[in-house]
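The residues making up each chain are set out below.
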Amino acid sequence: MSFADWKHISRHTKQSFGKLGKTHPKMLEAYATLDQAAAAESLDAKTRELIAIAVSITTRCESCIAVHTEKALAAGATESEIAGALATAISLNAGAAYAYALRALESVEAHQG
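Just so you know, the residues in each chain are numbered from 1, in the order the chain's sequence is written. For this predicted model, a pLDDT threshold of at least 70 governs which residues receive local features, and a threshold of 80 or more governs which side-chain atom pairs are given and counted, while totals over whole chains, interfaces and linings are taken from all residues. The basis for every side-chain value is the complete set of heavy atoms in the structure, and neither hydrogens nor water enter the calculation.

A. Summary view of the overall build of the protein. Secondary structure elements are defined from DSSP: runs of H or I of at least 4 residues count as helices, runs of E of at least 2 residues count as strands, and each element is numbered from the N terminus. Across its full length, the protein carries five helices and zero strands. Mapped from its N terminus to its C terminus, the protein presents α and β elements in the order α-α-α-α-α. Over its C-alpha atoms the protein spans a radius of gyration of 18 Å, topping by over 25% the 13 Å that the globule rule assigns to 113 residues. Once the C-alpha set of the protein is aligned to its principal axes, its extents read approximately 60 × 40 × 35 Å. Within the span of the protein, comprising 113 residues, buried residues form 17% of the whole. Summarising the internal contacts of the protein: among those between residues at least 6 apart in sequence, 60% fall at separations of at least 24. Computed with a 1.4 Å probe, the accessible areas rest on the Shrake-Rupley method; for each residue, only the protein chains presented here act as cover. Summed over all atoms, the accessible surface of the protein reaches about 8,600 Å², with 62% contributed by carbon and sulfur. Computing the positive centroid from 11 side-chain charges and the negative centroid from 12, the protein places the two 9 Å apart. Computation of the radius of gyration draws on C-alpha atoms, with the globule rule given as 2.2 Å multiplied by the number of residues to the power 0.38. Under the scheme applied here, a residue whose accessible area is under 20% of the maximum for its type counts as buried, over 50% as exposed, and between as partly exposed, the area being computed with a 1.4 Å probe on protein chains only. Whether two residues touch is decided by their heavy atoms; if any such pair falls within 4.5 Å, the residues are in contact. When charges are counted, Lys and Arg are positive and Asp and Glu negative, with His and the chain ends excluded. Taken as the charge centre is NZ of Lys, CZ of Arg, CG of Asp or CD of Glu, depending on the residue.

B. Focus on the UniProt feature "domain: Carboxymuconolactone decarboxylase-like" (unreviewed entry) in the protein. UniProt records the feature "domain: Carboxymuconolactone decarboxylase-like" (unreviewed entry) for residues 25-106 in the present numbering. Within residues 25-106, the helical portion is 85% and the strand portion 0%, while the C-alpha atoms at the span's ends are 47 Å from each other. UniProt positions are given in the numbering used here, feature names are shortened, and annotations may be inferred rather than shown by experiment.

C. Main features of unusual backbone geometry. The backbone of arginine 60 shows a phi angle near 55 degrees, a positive value even though the residue is not glycine. Secondary-structure assignment places arginine 60 in the loop between helix H3 (45-58) and helix H4 (62-74). When its relative accessible area of 75% is taken as the criterion, arginine 60 is described as exposed.

D. Just a nonpolar patch on the surface, in detail. Note on patches: the residues involved have over 30% relative accessible area and no salt bridge, like charges join within 9 Å, and the nonpolar side chains Val, Leu, Ile, Met, Phe, Trp and Tyr join within 5 Å. Salt bridges are defined as contacts in which a side-chain nitrogen from Lys or Arg sits within 4 Å of a carboxyl oxygen from Asp or Glu. A cluster of nonpolar side chains, contributed by Tyr98, Leu102, Leu105 and Val108, occupies part of the molecular surface with about 410 Å² of accessible area. Its place among the elements puts valine 108 in helix H5 (residues 79-112). Judged by relative accessible area, valine 108 falls into the partly exposed class, the value being 42%.

E. Region of the structure containing H3. Relative to the 20 Å expected for 14 residues at 1.5 Å per residue, H3 spans 20 Å between its end C-alpha atoms, a close match to the ideal helical length. What H3 keeps buried is the set Glu49, Leu50, Ala52, Ile53, Ala54 and Ser56. Looking at the buried side of H3, the elements it contacts are H4 and H5. Arginine 60 sits one or two residues past H3 and shows a positive phi near 55 degrees. For a helix, the expected span equals 1.5 Å multiplied by the number of residues minus one.

Here is the structure:
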C-alpha cells in the first residue's frame, strides 16, 4: 500500500497559493478575506479545522485534507477528535446517498406510472 506524502502536498498547496497570489493578487485577497471572515465567527480554531477536514473528505480535496489536518493538529486536535469529524462526514455522505436513493425510486415510480 502506498501513502500520499501529505507534508509535501501541504507545502505544495501553500506554494501554489503564493504563486497564484502573485499573478492574481485580487483573487487571493478575496479568498483571504473570506477565510478571515470565517475565523471571526464564534467557532474556535480547532473546531473550524475539524469541520474543514470533514468537508475536505466530502469534497474529495487532497490539498484541503493536507492543509487542514496540519492546521487541526496545530490547533490542538487529537487523532480521536479528527476521527470523530471523519466519522460524521462519512455518516452524512451515507445519509445523502440514502436520500438521493429515495429520489431515484421516485423517478422509477414516475417512469412506470
